[in-house]
Amino acid sequence: MDKIYGFLIGPGAWIAFSVFILGCICKIGAIILATPKKDRVVLAYFSPKYGFRSLIHWLIPFGTISMQENPLFTLVSFAFHFCVLIVPLFITGHVVLVETFWSVSWWTIPDKLGDILTLIVLLCLAFFWGRRLWVKEVKFVTSWTDFLLLSLVTAPFLFGFIAYHGWIDYKLMLVLHVLSAEILLIAFPFTRLIHMFVGLLTRVYIGSEFGGVRHVKDW
Amino acid sequence: MKIKTLILIIAFLGLASICLGQEDYLILGKEFKSPERPRVIFHHDLHNEKAHIENCSVCHHVYKNGKLVPDESSEDQPCSSCHKVHPVKGDNPISLREAYHKRCMGCHLKEKRGPVMCGECHKANNEKKSK
Ligand code: HEM
């Protein structure tokens, strides 16, 4: 198990992060480069002012009408996306590894707080699973790819949580954690997960059009 | 009479087993005042014997003018005299945490022997032992 772990945190991590970073750059680059061909008008009307005005409204909890109409989903969604970014970036386990191998270090959240934020992520994920499984309207538009996507995101958090607490079999759980996390990173650019980056672009695009062309609010 | 002798023998055996059972080990990282993880127990001599490390300067190294001096060693000083928990400007830039992990985890990974996962060194019951 130690040898597998040694591979995963060495060459495995290199492969996963390379695919992740290069993949995201290529995908976003392709979208930006394709814009002049697909929709020339948007460039003419591109407006930082209206674009970012719209983006900011959508980044504020309850900043839009559709969010006000679905308060529970909005709450869960914001809590989820906040924790899902904070936890991997600032957990001691991750910073210590980067510090040891690449000699760069940054601020960490205390382990106890990390544990609570992880629990919040897991509860939110349980909510998303439940919606897809039991809410009729959502179930209707759900395909197996949605469950695959949910599994990809759930696995690293679940195994990381179990490993941190030393439950079941510490070494196996930590190996599964790192393995599932690297699969997630590699899959990221090629699945809908890339919406975390592309979604920001789309918002600016829609905001430009609504603000600059139609002269209406889009939130 | 017999019962008294028996009690004496049992008491003696108990005491002897406590004394003999007590191994020589160091509890590392007393410098971290409110540690995130349980402190690491390090069986200094046993470890170096098992890992066949004869050269003390592998860990207790000495630097002069920014260069490693291979045949001098610094076992008279704790790591923390040169590697601070929170290095400020002008200090050695390698923090104590980084120094320990690079040295300990680094060698274990390179030699493919010895613990490499967080929980193998930072064991949950270490803290109880150190009290
Ligand atoms: C985006 C992907 C990742 C996510 C979402 C993630 C999430 C987590 C979570 C939730 C924990 C447990 C925190 C807690 O409950 O307190 C954790 C711990 C940890 N993760 Fe990750 N992780 C990811 C990627 C990685 C990668 C790529 C590696 C290694 C190369 C890694 C190595 C570790 C280690 C060593 C721990 C500490 C385990 C312990 O304390 O024993 N993680 N991670």
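On a predicted model such as this, the values are computed, not experimentally measured, just so you know.

**Q** Which parts of the structure should I look at to understand the overall build of chain B?
**A** Check the secondary structure of chain B and you find 5 helices and 4 strands. The helix and strand sequence of chain B, counted from the amino end, reads α-β-β-α-β-β-α-α-α. Considering only contacts in chain B between residues 6 or more positions apart, those separated by 24 or more positions represent 29%. Summing over all exposed atoms, chain B offers an accessible surface of approximately 10100 Å²; the carbon and sulfur share of this is 62%.

**Q** Hey, could you run me through the environment of Ser 57 of chain B in this one?
**A** All names here are of chain B. Tracing the backbone shows Ser 57 in the loop between α2 (44-50) and β3 (63-64). Looking at Ser 57, the relative accessible area reads 12%, which means it is buried. Considering only alpha carbons, one finds Ser 57 and Lys 67, 10 residues apart in sequence, at a separation of 14 Å. Dropping the residues within four chain positions of it, Ser 57 is found in contact with Pro 70, Glu 72 and Ser 73. Polar contacts involving the side chain of Ser 57 include one to the side chain of Asn 55, which spans 2.8 Å.

**Q** What am I meant to see in the interface of chain B and chain A here?
**A** When the parts of a complex come together, some accessible area is lost, and that lost area is often taken as the interface size. Across the contact, 16 residues belong to chain B and 22 residues belong to chain A. Ranking the residues of chain B by area buried against chain A places Glu 36, Arg 97 and Met 117 of chain B at the top, with a combined share of 36%. One can count 3 salt bridges joining chain B with chain A. Across the salt bridge formed by Glu 99 of chain A and Arg 97 of chain B, the nearest N and O atoms sit 3.0 Å from each other.

**Q** When you look at the environment of Gly 106 of chain B in this model, what are you seeing that I'm missing?
**A** Residue placement: Gly 106 of chain B occurs in helix α3 (residues 96-111). For Gly 106 of chain B and Cys 82 of chain B, which are 24 residues apart along the polypeptide, the C-alpha to C-alpha distance reads 19 Å.

**Q** I tried to follow the pattern of salt bridges on my own but got confused; where do I start?
**A** If charged atoms from side chains of opposite charge come close, those side chains can pair. A complete count under the given rule lists 8 salt bridges over all chains for this structure. The residue Lys 64 of chain B makes a salt bridge to Glu 72 of chain B at a minimum N-O spacing of 3.1 Å. By relative accessible area, which is 44% here, Lys 64 of chain B ends up partly exposed. Within this structure, Asp 2 and Lys 171 of chain A together with Glu 120 of chain B form a network of salt bridges that share partners.

**Q** Could you clarify how one ought to interpret the coordination of the iron atom of the ligand in this entry?
**A** Each donor-metal-donor angle in an ideal tetrahedron of four donors is 109.5 degrees, and each such angle in an ideal octahedron of six donors is either 90 or 180 degrees. Coordination of the iron atom of the ligand by the protein is provided by His 94 of chain A (NE2) and His 177 of chain A (NE2), with metal-donor distances spanning 2.0 Å. For His 177 of chain A, a relative accessible area of 15% puts it in the buried group.

**Q** Whenever I open this one, the confidence of the model for chain A confuses me. Can you help?
**A** Detailed reading of the predicted coordinates is not advisable wherever pLDDT falls low. Overall, the predicted model of chain A reaches an average pLDDT of 89, with 100% of residues at or above 70. Within chain A, no element has a lower average pLDDT than helix α2 (residues 40-44) of chain A, which sits at 71, and none a higher one than helix α10 (residues 170-187) of chain A, at 96.

**Q** Please clarify how the confidence of the model for chain B should be interpreted in this entry.
**A** Residues and elements named next belong to chain B. On average, chain B scores 83 in pLDDT, and the residues at 70 or more come to 79%. Here helix α5 (residues 126-129) stands out as the element of chain B with the lowest mean pLDDT, 56, in contrast to α3, whose mean of 95 is the highest. Note on residues 17-21: pLDDT under 50 across the span, and 0 contacts to partners over four residues away in sequence or across chains. What the predictor reports for the complex is a pTM of 0.88 with an ipTM of 0.81.

What counts, and at which threshold
- Residues numbered from 1 in each chain as written.
- Chains lettered and ligands numbered in written order.
- Predicted model: local features only at pLDDT ≥ 70, side-chain atom pairs only at ≥ 80, totals over all residues.
- Heavy atoms only, no water.
- Helix = DSSP H or I, 4+ residues; strand = E, 2+ residues; numbered from the N terminus.
- Contact = heavy atoms within 4.5 Å.
- Areas by Shrake-Rupley, 256 points an atom, 1.4 Å probe, with all protein chains shown as cover.
- Buried < 20%, exposed > 50% of the residue type's maximum accessible area, 1.4 Å probe, protein only.
- Polar contact = N/O pair within 3.5 Å; in protein donor to acceptor, adjacent residues only side chain to side chain.
- Buried area = accessible area lost by both parts, 1.4 Å probe.
- Salt bridge = Lys/Arg side-chain N within 4 Å of Asp/Glu carboxyl O.
- Donors = N, O, S within 2.8 Å, 3.2 Å for Na, K, Ca; no water.
- pLDDT = per-residue confidence, 0-100.

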